[in-house]
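# Survey of secondary and tertiary structure
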Amino acid sequence: MLQLSLIREQTAEVIDRLKLKNFDGAQIINDIVRLDDSRRETQKALDDVQSQSNSLAKEIGVFFKQGRIQEADELKERTAALKLKAKDYDEKLESVKKELDDLLVRVPNLPHPGIPSGKSAEDNEIVHLEDDLIPASGEYLPHWELASKYDIIDFATGTKITGSGFPLYKGKGARLQRALINFFIDEALAAGYTEVQPPYMVNAASAFGTGQLPDKDGQMYYAQVDDLYLIPTAEVPVTNMYRDSILKVQDLPFKNVAYSACFRREAGSYGKDVRGLNRLHQFDKVEIVQVTHPEKSYQTLEEMREYVAGLLRKLKLPFRIVKLCGGDMSFTSALTYDMEVWSAGQKRWLEVSSVSNFESFQSNRLKLRYKDEAGKIRLAHTLNGSALALPRIVAALLELNQVPEGIRVPEVLRPYCGFTTIN
RNA sequence: GGAGAGGUGGGUGAGUGGCUGAAACCAACAGUUUGCUAAACUGUCGUACGGGAAACUGUACCGGGGGUUCGAAUCCCCCCCUCUCCGCCA
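Residues numbered from 1 in each chain as written. Chains lettered and ligands numbered in written order. Predicted model: local features only at pLDDT ≥ 70, side-chain atom pairs only at ≥ 80, totals over all residues. Heavy atoms only, no water.

## A word on the packing of aromatic side chains
Throughout the structure, instances matching the rule amount to 8 aromatic pairs. Taken together, a centroid distance of 4.9 Å and an interplanar angle of 50 degrees make the contact between Tyr242 and Phe254 tilted. Taken together, the positions of Tyr242 in the loop between helix H9 (235-240) and strand S8 (245-248) and Phe254 in strand S9 (residues 254-263) put the pair 12 residues apart, joining distant regions of the chain. An angle of 80 degrees between the planes, with centres 5.8 Å apart, marks the rings of Phe331 and Phe361 as edge-to-face. With Phe331 in the loop between strand S11 (319-323) and strand S12 (335-343) and Phe361 in helix H11 (residues 361-366), the pair connects residues that are 30 residues apart, well separated along the chain. The exposure class assigned to Phe361 is buried, which follows from its relative accessible area of 2%. Among the aromatic residues, those joined into a cluster by ring pairs are Phe183, Phe184 and Tyr416. (Phe/Tyr/Trp six-rings, centres within 6.5 Å; stacked < 30°, edge-to-face > 60°. Helix = DSSP H or I, 4+ residues; strand = E, 2+ residues; numbered from the N terminus. Buried < 20%, exposed > 50% of the residue type's maximum accessible area, 1.4 Å probe, protein only.)

Set out below in structure tokens:
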């Protein structure tokens, strides 16, 4: 959620910058300013009335104490009118605030000026390419064929137990999952992150705080009886650790890493590109989350990007980094890098990580602040990135490392797996 | 799930209708003292939204929501949460 002060003070610039996200904000932004004017006016009127009531009440109290009952009763009569007025203003204030919030919540984050303009993934900018590991030739089976050939992922049984998009990992497949999770967490610990194990279900306030609600309501699994949501990413619980808090500036940055299962309904994305591990309803992911000083967030974003690139190098996977264009970026993000690995079996790039700076968009919703050197309270910046999401990494690993004897496990994972070949 | 007890500022914790945005203590911060540290002393020390150049000032907030009252942290109702005991249980 954008800060009202920014919208008020730089109305034209805000509208202009939103265009980069293909968001026509002229109407809504102007409505917001108008509603906020009305909100202030009403608030002031209400404050005045309440101030009068307060002083009357005080006077009445004094009269009572002095036994001047009649004078007290006279004053009491005057409070009735004030009460009515206060009620009026209060109701108006509530409705204006609600209207204002409803609009405010619909405005996406301002995109960073450095992002490419564009409408879709076609317009993303490739900012880094490490493709020397892409095999020049040869037959490479897609991972779903390898999965059944070596009996390591059983899609059919997962479908029987639950439904499509809920695979069952078996034997060395399961072990490889666990190895990757541990590898990713250990790497993050070495990079200074603190490990946390968050809840997998969150309440509505948390889902709102990171921007899943109301924007992506239909994308989360929802347990109605308990009014809880299954997390689509550990970003939600981990970032919400800091909701409603005022941090000490010297404690920044906060760096956390969390493994979690992630649950996504993926409503409306059937058909293309959903085969095998490409798109699932449940998957494993290790997520890194940082809360930083506003002046440090872009430097942090680059560090996180480089950190994730390092993981891909260690896994010896060909990859590229794309900077998302305005139209492809999420509602909440100011700047996002996607990391994509090469799928040798499918002959295409697969997104395995998304590293984003949300600036103060989430922290404004979260009321995540810090007290600066001068004692002023300011919004912190939040960032997160997948480091990494497992399924497509597994897909790329299986496909790229297939040899006649089986699938060779990358060097770095061998201590975690306890085997060198899947066969 | 049943019974009981509670939820007050960063922490402990007073406060049962007006003098309480809230005692006291601790922590924190600034300063004095000091060869350094410690101790002692002095001061500062909630958040949000407004007004004001500023000093300062208005309003709201004592788990959340509603109500009673001229006036609510304090009384009433609903909800949430925590603790203790019982039940159930990985």
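Picking up after the structure, the text goes on.
## Quick word on a negative patch on the surface
Residues Glu122, Asp123, Asp328 and Glu351 make up a contiguous surface patch of negative charge. Looking at where Glu122 falls in the secondary structure, it is placed in the loop between helix H4 (69-104) and strand S1 (125-130). (Patch = residues over 30% accessible without salt bridge, like charges linked within 9 Å, V, L, I, M, F, W, Y side chains within 5 Å. Areas by Shrake-Rupley, 256 points an atom, 1.4 Å probe, with all protein chains shown as cover. Salt bridge = Lys/Arg side-chain N within 4 Å of Asp/Glu carboxyl O. Lys, Arg positive; Asp, Glu negative; His and termini not counted. Charge placed at Lys NZ, Arg CZ, Asp CG, Glu CD.)

## Notes on the sheet that holds strand S18 (residues 406-408)
What the 3 strands build is an open sheet, ordered S17-S18-S19; its pairing is antiparallel. Looking at the sheet topology across the chains shown, the edges are occupied by strand S17 (402-403) and strand S19 (421-422). By the bridge criterion, 2 bridges tie S17 to S18 in an arrangement that is antiparallel. When the bridges of S18 are listed, Gln402 appears paired with Ile407. (Pairing = 2+ DSSP bridges.)

## What about the packing of helix H7 (residues 172-190) against helix H12 (residues 390-400)?
Where H7 contacts H12, the axes come no closer than 11 Å and their chain directions differ by 115 degrees. Considering their axes alone, H7 and H12 lie roughly perpendicular with respect to each other. In the packing of H7 onto H12, the handedness of the crossing is right-handed. Of H12, the residues touching H7 (which contributes Leu176, Gln177, Leu180, Ile181 and Phe184) are Leu390, Ile393, Val394, Leu397 and Leu398. Considering only residue class, the contact of H7 with H12 consists of 9 nonpolar, 1 polar and no charged. (Axes fitted to C-alpha atoms, helices over the stretch in contact; angles between N-to-C directions. Parallel < 35°, antiparallel > 145°, perpendicular 65-115°, else oblique. Left-handed = near helix turned anticlockwise from the far one by under 90°. Contact = heavy atoms within 4.5 Å. Nonpolar A, V, L, I, M, F, W, Y, C, P; charged D, E, K, R; others polar.)

## Thoughts on the domain arrangement of chain A
For chain A, the domain assignment lists domain 1 (4-104) and domain 2 (121-422). For domain 1 versus domain 2, the separation of C-alpha centres amounts to 44 Å. (Domains from an automatic or database assignment.)

## Describing the protein's contact with RNA strand B
Around RNA strand B, the structure places 17 residues, and the nearest of them are Arg39, Arg40, Asp47, Ala57 and Ile377. Taking all atoms of RNA strand B within 4 Å of the protein, the share assigned to sugar and phosphate is 72%. Measuring from a phosphate oxygen of RNA strand B, one finds a side-chain N or O atom of Arg40 at 2.8 Å. Within the side chain of Lys371, an N or O atom sits 3.4 Å from a phosphate oxygen of RNA strand B. Looking at the surface near RNA strand B, the elements that each hand over two or more residues are helix H3 (26-65), H4 and strand S14 (368-371). With 10 residues, H3 is the single largest residue contributor to the surface near RNA strand B. Of the residues belonging to the surface near RNA strand B, the class tally is 5 nonpolar, 5 polar and 7 charged. (Near = heavy atom within 4 Å. Polar contact = N/O pair within 3.5 Å; in protein donor to acceptor, adjacent residues only side chain to side chain.)

## What about the pairing of S12?
Where burial is concerned, most of S12 is hidden: 9 out of the 9 residues are buried. With 5 bridges connecting them, S11 and S12 associate as antiparallel partners. Among the inter-strand pairings, Ile321 is bridged to a residue of S12, identified as Met339. Summarising the sheet, S12 and strand S13 (residues 348-357) pair through 9 bridges and their orientation is antiparallel. Considered in S13, the bridge of Ser343 is made with Arg348. Here S12 folds back onto S13 in antiparallel fashion, the turn holding 4 residues, of which Lys347 has a positive phi close to 55 degrees.

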